[in-house]
Amino acid sequence: MRFHGTMRINDKGHLEIGGCDTVELARVFGTPLYVLDEELFRENCRAYRRAFARGNGRVLYAGKALLTLAVCRLLDEEGLGLDVVSGGELYTALQARFPASRIYVHGNNKSPAELRTALEAGVRRIVVDNLDELELLGRIVAELGTEADILLRLTPGIEAHTHEYIRTGQIDSKFGLVIPNGQALEGVRRSVELPGVRLRGLHCHIGSQIFELEPYADAARILMRFAREARDETGWTIEELNLGGGLGIYYTAGDDPPAVESLAETIFGAVAEAAGDRDLPVPEVTVEPGRSIAGPAGTTLYTVGTIKEIPGVRTYVAVDGGMGDNPRPALYGARYEACVAIKAGREADVTVSLAGRCCESGDMLIWDAELPALKTGDIVAVSCTGAYTYSMAGNYNRFPRPAMVLVRDGQAELIVRRESYADLIRNDLVPARLRDTMT
Ligand code: LLP
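Residue positions within a chain follow its written sequence, with the count starting from 1. Only residues with pLDDT of 70 or above have their local features reported here, since the model is predicted, and side-chain atom pairs are shown and tallied only from 80 upward, although totals for entire chains, interfaces and linings are computed over all residues. Water and hydrogen atoms play no part in the side-chain values, which are based on all heavy atoms of the structure.

Visitor: In this structure, what is going on with the overall build of the protein? I would like to understand it.
Guide: Counting its regular elements, the protein contains 13 helices and 23 strands. With C-alpha atoms as the basis for the radius of gyration, the globule rule is written as 2.2 Å multiplied by the number of residues raised to the power 0.38. Scaling as 2.2 N^0.38, a compact globule of 439 residues should have a C-alpha radius of gyration of about 22 Å, and the protein matches this with 24 Å. Taking the principal axes of its C-alpha atoms as reference, the protein extends roughly 70 × 60 × 40 Å. Split into buried and exposed, the 439 residues of the protein put 53% on the buried side. Restricting to contacts in the protein with at least 6 residues of sequence separation, those with at least 24 account for 69%. Only DSSP runs of H or I reaching four residues or more are called helices, and only runs of E reaching two or more are called strands; each is numbered from the N terminus. When accessible area is computed with a 1.4 Å probe and restricted to protein chains, residues below 20% of their type maximum are described as buried, those above 50% as exposed, and intermediate ones as partly exposed. Contacts: residue pairs with any heavy atoms within 4.5 Å of one another.

Visitor: Looking at this structure, how should I read the pairing of strand β17 (residues 314-319)?
Guide: Every regular strand shows the same layout, with side chains that alternate between the two sheet faces. Bridge count for strand β16 (residues 298-310) against β17 is five bridges, and the pairing is antiparallel. Opposite Glu309, over in β17, you have Thr315 as the bridge partner. Two successive antiparallel strands, β16 and β17, enclose a turn made up of three residues, where Gly312 displays a positive phi of approximately 80 degrees. Direction of pairing for β17 relative to strand β19 (residues 350-355): parallel, over a ladder of three bridges. Looking across to β19, one finds that Tyr316 is bridged to Ser353. Paired strands, as defined in this entry, are two strands with at least two bridges between them according to DSSP.

Visitor: Is there a simple way to explain empty space enclosed by the protein in this structure?
Guide: Which parts of space are left empty comes out when a probe the size of a water molecule is rolled across the atoms. In this analysis a 1.4 Å probe is tested at points of a 1 Å grid over the protein atoms alone, and where it fits but cannot get out there is a cavity; an open set with protein on both sides within 12 Å along at least five of seven lines is a pocket; lining residues have an atom within 4 Å of a point. Grid points are joined across faces, edges and corners, and a volume is the space filled by probe spheres set on the points. Enumeration over the complete set of coordinates arrives at five cavities of 30 Å³ or more. The volume enclosed by the largest cavity comes to roughly 80 Å³. Gly321, Gly324, Asp325, Arg357 and Phe399 are the residues nearest the centre of the largest cavity, which is lined by 14 residues in total. Three categories are distinguished: nonpolar for Ala, Val, Leu, Ile, Met, Phe, Trp, Tyr, Cys and Pro, charged for Asp, Glu, Lys and Arg, and polar for the others, with Gly belonging to the last. Its residues placed into classes, the lining of the largest cavity shows six nonpolar, four polar and four charged. Its boundaries defined by the atoms lining it, the second largest cavity holds a volume of some 50 Å³. Residue lining of the second largest cavity: Tyr34, Val35, Leu36, Leu66, Gly298, Thr299, Thr385, Gly386, Thr389, Tyr390 and Met404, and that is the complete set. Going through the elements one at a time, β4 (33-37) and β16 are the ones with two or more residues in the lining of the second largest cavity. Considering each element in turn, the lining of the second largest cavity owes the most residues, three residues, to β4.

Visitor: Honestly, the site of the ligand in this entry has me stumped. Any pointers?
Guide: Close to the ligand lie 18 residues, the nearest being Ser208, Glu288, Arg328, Tyr332 and Tyr388. A 3.5 Å cut-off defines polar contacts: any pair of N or O atoms within that distance qualifies, except that in protein one atom must be a possible hydrogen donor and the other a possible acceptor, and neighbouring residues in sequence count only when both atoms are side-chain atoms. Here Gly246 contributes a backbone N or O atom positioned 2.8 Å from an oxygen atom of the ligand. A distance of 2.6 Å is found between an oxygen atom of the ligand and a side-chain nitrogen or oxygen belonging to Tyr388. Criterion for pocket placement: a molecule counts as inside a cavity or pocket if more than half of its atoms are within 2 Å of its grid points. When each cavity is represented as a set of grid points, the ligand is found to reside in the largest pocket. Residue classes in the shell around the ligand are distributed as five nonpolar, seven polar and six charged. Only heavy atoms are used to decide nearness, and a residue is near a molecule or strand if one of them lies within 4 Å of it.

Visitor: I tried to follow the nonpolar core on my own but got confused; where do I start?
Guide: Nonpolar side chains tend toward joint burial in soluble globular proteins. To form a nonpolar core, buried Ala, Val, Leu, Ile, Met, Phe, Trp, Tyr and Cys residues must be joined to one another through side-chain atoms within 4.5 Å. Phe41, Phe52, Tyr61, Leu75, Ile150 and Leu202 are the most contacted members of the largest nonpolar core, which has 92 residues in total. The biggest single contributor to this core is helix α8 (residues 214-234), with 10 residues. Residues in contact with Leu202, not counting those within four places in the same chain, are Leu151, Leu152, Leu154, Leu223, Phe226, Ala227, Trp236, Ile238, Glu240, Leu241 and Asn242. Counting 20 residues, the second-largest nonpolar core is a separate cluster that includes Val317, Val319, Ala369 and Val380.

Visitor: Please explain helix α5 (residues 112-121) as it appears in this structure.
Guide: Restricting attention to buried positions, one finds in α5 the residues Leu115, Ala118 and Leu119. One side of α5 carries all its buried residues, which in axial view fall inside an arc of 95 degrees. The inward-facing, buried residues of α5 contact α4 (87-95), β7 (103-105), β8 (125-128), α6 (131-144) and β9 (148-155). Following α5 by one or two positions, Gly122 adopts a phi angle in the positive range, close to 85 degrees. Here the arc refers to the directions that run from the helix axis out to each C-beta atom.

Visitor: Even after reading the chapter, I still don't get the environment of Ala355, so can you show me in this structure?
Guide: Assignment of secondary structure puts Ala355 in strand β19. A sequence separation of 48 residues divides Ala355 from Ile307, and the C-alpha atoms of the two residues are 9.5 Å apart. Residues within four places of Ala355 in sequence aside, it is in contact with Tyr316, Val317, Ala318, Val319, Asp363, Met364 and Leu365.

Visitor: Would you mind showing me how to read the layout of surface pockets here?
Guide: Size it by volume and the largest pocket reaches roughly 1200 Å³. Lining the largest pocket are 50 residues; nearest its centre among them are His205, Gly207, Ser208, Arg291 and Tyr388. The space that makes up the second largest pocket amounts to roughly 680 Å³. The wall of the second largest pocket is formed by 23 residues, among which Leu67, Thr68, Tyr390, Arg401 and Val416 lie closest to the centre. A total of five residues in the lining of the second largest pocket trace back to one element, the largest contributor, which is α4.

Given below as structure tokens:
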């Protein structure tokens, strides 16, 4: 397993994160346990701020990757903005006293209540996804007697994946307004004429876990070309260009993501050039990284339970978590690396498959992991689990969701309490007529 951030092997030969022995963390807080490396999380925020502060850039963290009250505090202290996609994320941010003036509100089906709350809180931008939403927003703005600064989300017709990207001119997406069929232009026209709505700029998001930079330059060019067309047609001038998130991270051998500085250089270069070519002012550039900030800063600790060897086939090592706390392997075939916490530096001598404990054959965390020999009770650490794990966790099979600790300088603080069995039935109700038979 590649080490990230403050990971190191301590005097006992155990994996340590943030100065905390992971075996000790497991003993004190139980497993499964999410461990968040505060120093690395902050460093990732700073790398983005440094890279994008060079130009007229702004960095928003995409809350969908991982959002808790404590995470909001870290983000606020690091001076990042925040992209939220739901009333729940917005509520979390506001409860954490994250400044609304740095919040962007996303979503392809925002409810009237979500829009109202966002406007009343004074968020910086509403990223409008479609024409229906624009009309709804116009009505709410009028009703509240307020104003809204918006971006329009466009579909640039670029699909980026880890190892390739394609220009499809694709118009078949649930997100955003399409350029070629005139919808995007219609969006600009309506935004400009709707009282109380101020169109500040354009947004797009081209994918996630992206290893190539060219798609970002391409997206910037497409949006700037459209901005020029929009100015010619309506007189509106772009002030902000938001290129979404998506920068990939290292999960397993072979993953080779570009540096944040290279992303910034590519984007600033393409935007400045496109602005020059199109005779437009250089807009403020916004990015929305989620995974590349939270992902490498998270590690999940599990305890090994049953070990089943099928001679000549494989050995299944079952741990006390799985798709409940990390649905990514089951959902996307995502791959991870692991180590045995008490033998962190030891060479691998067995190949085993780490199984989750849900009643699904697909609940496998890692197929064919090369690890030192391990036994029941050992603590296994799976790295790079900071993004899209806790935020996508569920209670399938009524397994409670794990706790999360923030580690730094040898201190571990609980930032998400472990769910209890009582939490699982908290919202269950038994109608009176079924209560009689509860003896
Ligand atoms: N902005 C927008 C509008 C987005 O839709 C997303 C991610 C981001 C920013 C942040 O992207 P990031 O930097 O984290 O790649 N559940 C999937 C990932 C879904 C990403 C959805 N949108 C996974 O676990 O791989």
